[in-house]
Amino acid sequence: MMHSVRMLASLQGAPSLFVPQLICVFEDPNRLFTVYSSCLVCTLNSLRLQSEGGKFDEADAKYLCACCVLALESLHLQDFALRSLCSDTIGMTAEGFAQPMEFSYAKRLSSNEDERSSTVCGVPSYRAPEMVGGDGHTADVDLWALGVLLYEMIVGRMPFEGDTELEVHNRIRQHVG
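Predicted model only: the values in this text are computed from it and were never measured.

Caption draft 1: View of the overall build of the protein chain. Regarding its fold elements, the protein chain presents six helices and seven strands. Going from the N terminus to the C terminus, the protein chain shows its helices and strands as α-β-β-β-α-α-β-β-β-β-α-α-α. Taking all 177 residues of the protein chain together, the buried fraction comes to 42%. Within the structure as shown, the protein chain displays about 9,100 Å² of accessible surface, and the carbon and sulfur contribution to it stands at 54%.

Caption draft 2: Fine view of empty space enclosed by the protein. Considering all chains together, one arrives at one cavity of 30 Å³ or more under this definition. For the largest cavity, the calculated volume is near 90 Å³. If you go around the largest cavity, you meet 13 residues; those closest to its centre are Arg83, Ser84, Cys121, Tyr126 and Ala145. Ranked by residue count, the leading element in the lining of the largest cavity is helix H5 (residues 141–155), at three residues. The residue inventory of the lining of the largest cavity, partitioned by class, reads eight nonpolar, two polar and three charged.

Caption draft 3: View of the packing of aromatic side chains. Applying the stated rule across the entire model yields three aromatic pairs. Between the aromatic rings of Phe26 and Phe33, the centroid separation amounts to 5.1 Å while the plane-to-plane angle is 15°, which identifies the pairing as stacked. Judged by its relative accessible area of 45%, Phe26 falls in the partly exposed class. Note on Phe33: relative accessible area 30%, which makes it partly exposed. Considering the side-chain rings of Trp144 and Phe160, the 5.9 Å spacing of their centres and the 15° angle between planes classify their relative orientation as stacked. Within this pair, whereas Trp144 is found in helix H5, its partner Phe160 is found in the loop between H5 and helix H6 (165–176), the two being separated by 16 residues in sequence. For Trp144, a relative accessible area of 23% gives the class partly exposed.

Caption draft 4: Structural detail: the side chain of Ser74. In this fold, Ser74 is placed in helix H3 (residues 58–77). Setting aside chain neighbours within four positions, we find Ser74 in contact with Ser16 and Val19.

Rules used throughout
- Residues numbered from 1 in each chain as written.
- Predicted model: local features only at pLDDT ≥ 70, side-chain atom pairs only at ≥ 80, totals over all residues.
- Heavy atoms only, no water.
- Helix = DSSP H or I, 4+ residues; strand = E, 2+ residues; numbered from the N terminus.
- Buried < 20%, exposed > 50% of the residue type's maximum accessible area, 1.4 Å probe, protein only.
- Areas by Shrake-Rupley, 256 points an atom, 1.4 Å probe, with all protein chains shown as cover.
- 1 Å grid on protein atoms, 1.4 Å probe; cavity = no way out; pocket = protein on both sides within 12 Å on 5 of 7 lines; lining within 4 Å.
- Points joined across faces, edges and corners; volume = space filled by probe spheres on them.
- Nonpolar A, V, L, I, M, F, W, Y, C, P; charged D, E, K, R; others polar.
- Phe/Tyr/Trp six-rings, centres within 6.5 Å; stacked < 30°, edge-to-face > 60°.
- Contact = heavy atoms within 4.5 Å.

As structure tokens, then:
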């Protein structure tokens, strides 16, 4: 958690409607608390599940995807990879913006091919082939997750499903193999 607090604090110089701004941090003996500028009303997934057929119409999916693109752009311009983009970690603000709200896997990492991370993290269904293959990854894994998210919003289910993490990884590998 402290990692995500430090990461968000370093973004304070670049305000964005699409990335929550950290207001303050405080703690008690057992917990760390963070206060953000956003008032989140629900997750993108809970909104999707309330939609007809469990999916969004094309216009809503485009808008929500655009919000995510702008959030990722803001993070990537500062050489941060989110690595946790999914419908359960995108919050909807009271103003109607979609914002990432989970930063525990975020890492200072660019799209530079020379700078790669080998950490496997995030939700298995959203992981990019280079992450599940153990080849090391750049911030571009966020773009793969965005594609998976868009598919989920339009179709109403995940493109790569399985009963176990290994089954999901195998389906991702088969898709690009």
